[in-house]
Amino acid sequence: MNITYYTHPACLEHDTGPGHPESALRLKAIRAELEKSGVLAQLDQREAPAVTTEQLLRVHTPQHLHRLQQLLPQSGSGAVDPDTLLSPASLRAAERAAGAVVAAVDRVLEPNSGSDIAFCAVRPPGHHAEPERAMGFCLYNNIAVGAAHALHWHNLQRVVIFDFDVHYGNGTEAIFRHDPRVVIANIFQQDHWPYLPCGSGRGDASSCLAFSAGSGGKKVRQSVATQWRQIIERSQPQLILVSAGFDAHSQDPLAELQLEDEDYHWLGS
């Protein structure tokens, strides 16, 4: 199986400052582990392209893009809100992060690419970014940009987004609220930030699994095994996108779902 791996050095230049949980150390740790295990050498490694304005405007408003440009500091740091910080290189990083997902969609949908799986090791993350608002460390909604590209450029009609994270993926849900071509399934911790109601009133087109603190892997697996299989059988997706967050891990100090390494391996499988 040929797996394509997208990343870009610009993603390391998004400087959130010391002690911020969304750190360049995330990408460095991923790469170090892939090198140590020998997996990196087996991947089809590719540099992420920059997203285009046209691709961004399929999911974000012009006002959103303009505001980020205005807030971008020439030096030092800036902020969208107390959690979502900007450095001079932040938008360059965000352009590569979103562009990676677009490239990954093209790669897996290309008939003769030889790759039906792609992994994007990028930052900043994306699933909290709404059409007109950056929030939760997220500037552009990377997974939504990729899904919209699949719908527009590849003319797909059935896309499923699986979002596992300790936080609800409010931005992705908001972007596709009125688009029946996109099915979104969320796993997250109940009564946790961003404290927003899950679902968009689309019935079967939206699926939320909210787990209480301390639920653990066994409970999560039981629910996911049933519901996600039903979603795939019902939707018959032409493309599956995964918005992957690992902050529900037992060693993450900001969450209480208590998932372990083997639970994430199971989710991926």
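For the structure, check the block above.
Moving on, we come to the packing of aromatic side chains. Summed over the entire model, instances satisfying the criterion amount to 6 aromatic pairs. Between phenylalanine 164 and tyrosine 264 the ring centres are 6.0 Å apart and the planes differ by 45°, which places this aromatic pair in the tilted class. Placement of phenylalanine 164 in strand 6 (residues 159–164) and of tyrosine 264 in helix 8 (residues 261–268) is noted, with a sequence separation of 100 residues between them. Judged by relative accessible area, which is 10%, tyrosine 264 ranks as buried. Pairing tyrosine 168 with phenylalanine 188 gives two aromatic rings, centres 5.3 Å apart and planes at 40°, and the pair type is tilted. A residue pair is termed long-range when its members are at least 10 positions apart, and tyrosine 168 in the loop between strand 6 and helix 6 (170–175) and phenylalanine 188 in strand 7 (residues 182–189) qualify at 20 residues.

Before going further, it helps to spend a moment on helix 8. Three or more residues of helix 8 are buried, namely Asp263, Tyr264 and Leu267. End-on, the buried residues of helix 8 take up no more than an arc of 95°, which puts them together on one face. Every exposed residue of helix 8 that faces more than 90 degrees away from the buried side is listed here: Asp261, His265 and Gly268.

One open sheet accounts for 3 strands, arranged 2-1-5; its pairing is parallel. Both outer strands of the open sheet, strand 2 (44–47) and strand 5 (115–120), are each paired with one neighbouring strand and no more. Taking each pair of neighbouring strands and ignoring which way they run, the sheet shows an average axis angle of 25°. Pairing of strand 1 (residues 2–7) with strand 5 involves 5 bridges; the strand directions are parallel. Bridge pairing links tyrosine 6 to cysteine 120 in strand 5. Running at roughly 145° to strand 1, helix 1 (residues 25–37) makes contact with strand 1 and strand 2 of the sheet. Each of strand 1, strand 2 and strand 5 touches helix 4 (residues 90–109); the most contacted strand, strand 5, lies at about 170° to it.

On to the pairing of strand 9 (residues 239–244). Of the two faces of strand 9, the one lined by Leu239, Leu241 and Ser243 is fully buried and the one lined by Ile240, Val242 and Ala244 carries no buried residue. Of the strand pairs in this sheet, strand 6 and strand 9 are connected by 6 bridges, and their pairing is parallel. For valine 159, the partnering residue across the bridge sits in strand 9 and is leucine 239.

Our next topic: the state of the cysteines. The tally for this structure, following the rule as stated, stands at 1 disulfide. The closest cysteine sulfur to the non-disulfide-bonded cysteine 120 is located on cysteine 11, 9.6 Å from its own sulfur. Judged by its relative accessible area of 22%, cysteine 120 falls in the partly exposed class. There is no disulfide at cysteine 138, and the cysteine sulfur nearest it, in cysteine 11, is 13 Å away.

Here is what the cut-offs are and how they apply
Residues numbered from 1 in each chain as written. Predicted model: local features only at pLDDT ≥ 70, side-chain atom pairs only at ≥ 80, totals over all residues. Heavy atoms only, no water. Phe/Tyr/Trp six-rings, centres within 6.5 Å; stacked < 30°, edge-to-face > 60°. Helix = DSSP H or I, 4+ residues; strand = E, 2+ residues; numbered from the N terminus. Buried < 20%, exposed > 50% of the residue type's maximum accessible area, 1.4 Å probe, protein only. Arc of directions from axis to C-beta. Pairing = 2+ DSSP bridges. Axes fitted to C-alpha atoms, helices over the stretch in contact; angles between N-to-C directions. Contact = heavy atoms within 4.5 Å. Disulfide = S-S within 2.5 Å.

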